[in-house]
Amino acid sequence: MGSPEQSLITEEHRAAIGRTAGPVELRVRAEDVQRVRAILDDDDPRYGEETGIAPPYILAVIEPAMPWQLLPRILPSGILTQTEWTFRRPLRIGERIFATHRLADIRDRLGGQYGYSVIMNVMTEYRDEAGELVATSLRTSMQFDPAQRRERGSE
Amino acid sequence: MSGLPAKYFEDITVGEELEPLERLPTEDLAVDFFGRDNPTNPAFRDAEVGRRQGFGGALVPGLLKLAWITQYVSRWAGANGRVRMVRAAYRRPDIAGRPLTIVGRVVDKRIEDGVGVVDLEVATLANGQPSVHATVQVELPPRERAE
């Protein structure tokens, strides 16, 4: 079977855009900060228990898994292709953060290794206990059919 | 702030290149990064699983590379700098045990609402080929504002 000649994204799939999940409660734990700083060999004095400030990359560890339940399954396999983080203020060690996910977009992609793929964006907002936005994460995933893999990709 | 030099907006030159940084990702590093109690993709810790998925061994997590990139720029920005955005595109998988080089370059700088904003392009290179391409935005205070 070759690549589809028309979009596999249906009205039902499009109706899922805007759907949300959460909030999920997270905690910026000192032990996570300590462990990850040690692994990354990060001796930056701005971060650590004595300052109460977590390095921005701690988001990689506390970020909840991709909320797959929000994403319609259109093609059999999926991978994360892009991540965008924005930070409004430093995260504080010990603070509680609430993550809410939203399916922001679904679109087709023609070309590349798999000929046809479906791109989905999930926006996650991180708010503190006062409801203030502290960070966002925009994750882009690609659904594809491994059977359509070409010998030479576009990348 | 002791231990990390302060940098100001005026100190930055468009086109300036950051000192390359070598990193060696391993399966253990990937597992420890997320925490041994946290479930992760088995391909991060098991080379055989990675090979079954069509890769040459255990995969290096994209989020580990993103953390390295964020740390790399945060450190370059110095005691006064603040990373405010990181956007990374995962171009090709990296395999554990193969060294990565992180490189970066300043591509733009401007003042926005009195705040210095610097844009950088950063990449991870495996055997000289980019595997992650990132755009990073940093805030740096103008000297007169910081003093």
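Quick notes on the rules
Residues numbered from 1 in each chain as written. Chains lettered and ligands numbered in written order. Predicted model: local features only at pLDDT ≥ 70, side-chain atom pairs only at ≥ 80, totals over all residues. Heavy atoms only, no water. Buried < 20%, exposed > 50% of the residue type's maximum accessible area, 1.4 Å probe, protein only. Helix = DSSP H or I, 4+ residues; strand = E, 2+ residues; numbered from the N terminus. Contact = heavy atoms within 4.5 Å. Buried area = accessible area lost by both parts, 1.4 Å probe. Salt bridge = Lys/Arg side-chain N within 4 Å of Asp/Glu carboxyl O. Polar contact = N/O pair within 3.5 Å; in protein donor to acceptor, adjacent residues only side chain to side chain. Pairing = 2+ DSSP bridges. Domains from an automatic or database assignment. Nonpolar A, V, L, I, M, F, W, Y, C, P; charged D, E, K, R; others polar.

**Q** What's the story with helix 1 (residues 27-34) of chain B in this structure? I'm lost.
**A** Looking only at helix 1 of chain B, the buried set comprises L29, A30, V31, F33 and F34 of chain B. Buried residues belonging to helix 1 of chain B abut helix 2 (30-39) and helix 3 (59-62) of chain A together with helix 3 (62-77) of chain B. Backbone geometry just after helix 1 of chain B places G35 of chain B at a positive phi near 100 degrees.

**Q** Where do I start with the interface of chain A and chain B in this structure?
**A** One frequently used descriptor of interface size is the decrease in accessible area upon assembly of the parts. Taken together, the contact between chain A and chain B spans 27 residues of the former and 33 residues of the latter. Buried surface at the junction of chain A and chain B, both sides included, amounts to about 2600 Å², of which 55% is carbon and sulfur. Three residues stand out in chain A for area buried against chain B, namely L40, R46 and W85 of chain A, and they jointly supply 24% of the buried area on that side. Between chain A and chain B we count 2 salt bridges in total. A salt bridge links R87 of chain B to E84 of chain A; the nearest nitrogen and oxygen atoms lie 2.8 Å apart. There are 16 residue pairs in polar contact (both at pLDDT 80 or more) connecting chain A and chain B. Broken down by element, the side of chain A that touches chain B gets its largest block of residues, 8 residues, from strand 2 (residues 77-87) of chain A. Looking at chain direction, strand 2 of chain A and strand 2 (residues 82-90) of chain B are connected through 5 bridges and run antiparallel. Counterpart to W85 of chain A in the pairing with strand 2 of chain B is V86 of chain B.

**Q** Mind showing me how you'd approach the pairing of strand 2 of chain A here?
**A** It is a general feature of regular strands that their side chains alternate between the two faces of the sheet. For strand 2 of chain A and strand 5 (residues 133-144) of chain A, the ladder comprises 10 bridges, and the chain directions are antiparallel. Each residue of the ladder has a partner; that of L80 of chain A, found in strand 5 of chain A, is S141 of chain A.

**Q** Looking at this structure, I do not really get the domain arrangement of chain B. What am I missing?
**A** All names here are of chain B. Partitioning chain B into structural domains gives domain 1 (9-25 + 60-146) and domain 2 (26-58). The C-alpha-based centres of domain 1 and domain 2 are spaced at 25 Å. Each partner contributes residues to the interface: domain 1 has 14 residues there, and domain 2 has 11 residues. Summing the contributions of domain 1 and of domain 2, the shared interface buries around 910 Å²; its carbon and sulfur component is 80%. Its largest share of buried area at the contact with domain 2, domain 1 owes to P61, L64 and I95, together 45% of the area lost on that side. On the surface where domain 1 and domain 2 come into contact, there are 1 residue pair in polar contact (both at pLDDT 80 or more). Looking at side-chain class alone, the side of domain 1 that touches domain 2 contains 11 nonpolar, 1 polar and 2 charged residues.

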